[in-house]
Amino acid sequence: MVPERPDETPPQVETAGLPPREAATVLFRARLGIPGTKTARDCARIATNHAGFFERYERIRYAGETATEEELRAMEEEALGGGEHAA
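Residues numbered from 1 in each chain as written. Predicted model: local features only at pLDDT ≥ 70, side-chain atom pairs only at ≥ 80, totals over all residues. Heavy atoms only, no water.

1. Comments concerning the overall build of the protein chain
Then, in step 1: Tallying secondary structure elements over the protein chain gives four helices and zero strands in all.
Then, in step 2: Walking the protein chain from its N terminus toward its C terminus, one meets helices and strands in the order α-α-α-α.
Then, in step 3: Considering the protein chain as a whole, with its 87 residues, one finds that 31% of them fall into the buried category.
Then, in step 4: Working note: accessible area of the protein chain is about 5,700 Å², and carbon and sulfur atoms make up 51% of it. (Helix = DSSP H or I, 4+ residues; strand = E, 2+ residues; numbered from the N terminus. Buried < 20%, exposed > 50% of the residue type's maximum accessible area, 1.4 Å probe, protein only. Areas by Shrake-Rupley, 256 points an atom, 1.4 Å probe, with all protein chains shown as cover.)

2. Here we look at helix α4 (residues 69–80)
Note that an α-helix has 3.6 residues per turn; residues three or four places apart therefore point the same way.
Then, in step 1: Relative to the 16 Å expected for 12 residues at 1.5 Å per residue, α4 spans 16 Å between its end C-alpha atoms, a close match to the ideal helical length.
Then, in step 2: When we look at burial in α4, the residues that qualify are A74, M75, E78 and A79. Each buried residue of α4 lies within a common arc of 135° when the element is viewed along its axis, so the set occupies one face. Every exposed residue of α4 that faces more than 90 degrees away from the buried side is listed here: E69, E70, R73 and L80.
Then, in step 3: For α4, the secondary structure elements touched by its buried residues are α1 (20–32) and α3 (51–61). (Expected span 1.5 Å × (residues − 1). Arc of directions from axis to C-beta. Contact = heavy atoms within 4.5 Å.)

3. Points about the side chain of R29
Then, in step 1: By the element assignment, R29 lies in helix α1.
Then, in step 2: One buried charge, R29, has no salt-bridge partner; the nearest side chain with opposite charge is E22, at 7.3 Å.
Then, in step 3: Not counting the four nearest positions on each side in its chain, R29 is found in contact with I34, P35, G36, K38, T39, A40, C43 and F54. (Lys, Arg positive; Asp, Glu negative; His and termini not counted. Salt bridge = Lys/Arg side-chain N within 4 Å of Asp/Glu carboxyl O.)

4. Examining the environment of H50
Then, in step 1: Along the chain, H50 turns up in the loop between α2 (40–46) and α3.
Then, in step 2: Take H50: its relative accessible area is 1%, and that puts it in the buried class.
Then, in step 3: Placed 29 residues apart in sequence, H50 and A79 show a C-alpha to C-alpha distance of 9.2 Å.

Structure follows, in structure tokens:
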């Protein structure tokens, strides 16, 4: 399990030109300390407390499933590190 670093300043990452969903995932990985070279499946195995996020992200991004507005809000909330969806 990857420890979160809520008290540290998040690392600087480049998100210019990325669609919002991609940018959010890049920022979430950075917050968790997961290199961008890891796949969504790798991330689910590394950050087990956020496995559901990465598994759902993979189905939306690569399998073409459509996320509901509620799912997108929950994923955004988790990526930002707050609310009931954060582990």
